[in-house]
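# Geometric and topological summary
Here's the letter readout for the chains.
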Amino acid sequence: MDLKPLFAPKTMAVIGVSSSNYQHPANVIFTKNLHRYPVRVFAVNPRGGAINGQTIYKSISDISEKIDLAVIAVRAESVPDVLSECIKSHVCCAAIITGGFKEVGRADLQDRIVAIASEGNLPFIGPNCLGIYVPSLVDTFFLPSERMVKPDPGGVSFVSQSGGILVDMMIKFADEGVGLAKAVSIGNKALINEIDMLSYFSDDPATKVIAFYIEGFDRNEGREFVLAAKKCSKPLIVIKSGKSPEGSRAVSSHTASLAGDYASFSSALAQYGVLEAKTELEFISFCEALSAYPQPIDGKVGILTVSGGHGAMAVDACTLNGISVPALSKSFQDELRKKLTQSIAQIASLSNPLDLTGSAIDEDFVACTNALFNMEEVDCVLALLLPYVPGITSDLGSKLSSVASHFGKPLVAYIPHVEKYNMLIEGFELNGVPVSPSIDGSVQMVKAMRRNRP
Amino acid sequence: MMDVRPEIIKIINDSRGNGWVLEPDAKFIFSLYGLDVPKFILARNQSEALRFAHDIGYPVVAKVVSTVILHKSDVGGVVVGIPDDTHLKDVFARFMLMEGFVGVLIEEMVRGVELILGSKVDLQFGPMILLGIGGTGVEIYQDVSLRMAPLLPADVQGMLTGLQAHKLLEGYRGTEPVNKDKLENTVVAFSNLVMDLSALIESIDINPLLCSSKRCVVADARIML
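### Focus: the packing of helix H15 (residues 396–407) of chain A against helix H16 (residues 422–429) of chain A
Residues and elements named next belong to chain A. Their axes nearest at 7 Å, the elements H15 and H16 cross at an angle of 20°. When the axes of H15 and H16 are compared, the pair comes out roughly parallel. As H15 runs across H16, the sense of the crossing is right-handed. Counting all contacts with H15, which are made through Leu-396, Gly-397, Ser-398 and Ser-401, the residues of H16 involved are Leu-424, Ile-425, Glu-426, Gly-427 and Phe-428. Each residue belonging to the contact of H15 with H16 can be placed in one class, and the counts come to 4 nonpolar, 4 polar and 1 charged.

Structural data, given as structure tokens:
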């Protein structure tokens, strides 16, 4: 199936627009696309009328242009007929926003729309979903524009079974500077599921990382998913809900008891190189790190700090996650000490972590980062930066970022996220270096880059 | 499915009523796939049991075979290290009184590290293979690796290093290391069996799989349908 018209439609029909209820989901979708997106949008309702000075067409067949994407927001009972009309009018793709199908026990109605769409060769997203959001191109979410938080355009495409989780993660992406390529809420995934999305985003040039929120797979679809994942060269990140065992269902063998649904899920994903985020914080960290650095590393970290405590906490988190913090040779330390400013040359501790003390200035960090990236033993630098130390300026972000980009090796920073430190943070993020608001988060970013090594 | 041997299909179909395959039948199926099973006989009476014990030599293991008892050790239905005729006769007499009695499995004694090798047909991911530290404490330690079948020899190595107790297999405090080649072959052969039978079964436990420097032997097994 060709899903390009779904993500980059030139023409869109919103079916179910009301001429009287301005808060109707279809009206929100129609209005925001009319005002804010380049897609040519048409309103449809059998009663006709007008909205925002635009004609409401009585049927999709009345629209003279060929429609790329039909957004369907009519009552569930009417969806089969609407789909049939779309097929007659040669619509390319559809997003069925309407709920009231399998999720409320109407599997029969869902089966019917799948049968109609399959026969008519009309791929659709949903039902019971928010549909598609592509920055600057199209937005089928029935959420008023002024209420939405939109991340910057970027490399992560996010596929979610839940619309709520999708919108919420977009807020967190925006907060943490994670860029979004495409967002899609697949709802009941009656026709288009995670495997179709994986296949589409694998070939989508704008997508660098594919992230999924998954509640569960249908029969054998987990197997299909990981086998498809194995062929995909882009990093895949999954967060799963519904991990607890299913109550007291009697289990007759040890294997069945030990290999429960979630244990199988988690093992199969790891086996095929899909990175599973266990928590929301991990998910955001993984997305941010892998969109900056998709290439796998071994995970040998050089840690820069101005506080012994921060260094020790980072080492603990690394050890817990199987990341090594290699010792640095005496000759390396002696060489590096010569490059440091006089005020810290004698008091800095240059074993790993490198504790530059509260008297360090930007140039000391630059010298250390250069030295660490120059050595074989280290494949990643973690900079724990505390901007309340007087020698650190807001320019340090861009300075260290340019060192990292010169070496083509990954740099990750921890900086407390408060408004007054934003210039420092943006100095990193706008130059492609991920920044975490916590030490744990910064270590999770390194863990993500190891891409599933045990 | 086309490749499954007719005698296996017959055993499985005949076992549907019970819900599981009796241990001797399960071991027969494993042996067809090249897994190592102890020398055994299903003795219907004492004289069959004694004759076989003499053939293979004492000590022997005796296990009750019953259509009702799934967890044999829970009811005292497994006795290892039986040294002579007198003890074997006593054990046989006691087992005969157990519910659903079919016979007594007499086996050679095998020693080694106790592992569990199992499979479960998962709804989302299909046949899965589990390998870990076995024995009666298996659900307490939960030290297991899980992978989607089919497996290659390299996968088995990864599963072993993933175990917390993997040092036990390298030869710990004077014990012999486990024969890795035999173990690898056993797991891969088991994975082939699971792929063939996945449409017919629900789960399989081989517990313990006894592994030494010489052999990896299916000491006890059940196939749930």
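From this point, the discussion proceeds with the structure in view.
### Brief notes about the sheet that holds strand S12 (residues 209–214) of chain A
Within a beta sheet, neighbouring strands are joined by backbone hydrogen bonds and run either parallel or antiparallel to one another. Residue and element names in this part refer to chain A. With mixed pairing, the 7 strands of this open sheet are ordered in space as S9-S8-S11-S10-S12-S13-S14. The open sheet has two free edges, formed respectively by strand S9 (138–139) and strand S14 (275–277), since each of these has just one partner strand. Sheet topology places strand S10 (residues 153–160) next to S12; 5 bridges connect them, and they run parallel. Counterpart to Ser-157 in the pairing with S12 is Ile-210.

### Side note on the domain arrangement of chain A
Under the domain assignment, chain A is made up of domain 1 (1–126), domain 2 (149–292) and domain 3 (295–449). For domain 1 of chain A and domain 3 of chain A, the distance between their C-alpha centres works out to 51 Å.

### With respect to the environment of B:Lys27
Examined against the element boundaries, B:Lys27 turns out to sit in helix H2 (residues 23–32). A residue is classified by how many C-beta atoms lie within 10 Å of it, and B:Lys27, with 23 of them, is buried.

### A short note on the sheet that holds strand S1 (residues 11–15) of chain A
Residue and element names in this part refer to chain A. The strand order across the open sheet formed by 7 strands is S3-S4-S2-S1-S5-S6-S7, and the pairing between neighbours is mixed. In this open sheet, the two edge strands, each paired with only one partner strand, are strand S3 (50–51) and strand S7 (124–125). Here strand S5 (residues 69–72) pairs with strand S6 (residues 93–96) via 4 bridges, running parallel. If you follow Ile-72 over to S6, its bridge partner there is Ile-96.

### What about the domain arrangement of chain B?
All names here are of chain B. With domains assigned, chain B is organised as domain 1 (6–36 + 111–224) and domain 2 (40–108). One C-alpha centre belongs to domain 1, the other to domain 2; they are set 24 Å apart. Every contact between the two is made by 8 residues of domain 1 and, on the other side, 9 residues of domain 2. Counting residues per element, the side of domain 1 that touches domain 2 draws most heavily on H2, which supplies 3 residues. The class makeup of the residues in the side of domain 1 that touches domain 2 is 3 nonpolar, 2 polar and 3 charged.

How each quantity is defined
Residues numbered from 1 in each chain as written. Chains lettered and ligands numbered in written order. Predicted model: local features only at pLDDT ≥ 70, side-chain atom pairs only at ≥ 80, totals over all residues. Axes fitted to C-alpha atoms, helices over the stretch in contact; angles between N-to-C directions. Helix = DSSP H or I, 4+ residues; strand = E, 2+ residues; numbered from the N terminus. Parallel < 35°, antiparallel > 145°, perpendicular 65-115°, else oblique. Left-handed = near helix turned anticlockwise from the far one by under 90°. Contact = placed C-beta atoms within 7 Å. Nonpolar A, V, L, I, M, F, W, Y, C, P; charged D, E, K, R; others polar. Pairing = 2+ DSSP bridges. Domains from an automatic or database assignment. Buried ≥ 20, exposed ≤ 12 C-beta atoms within 10 Å, placed from the backbone.

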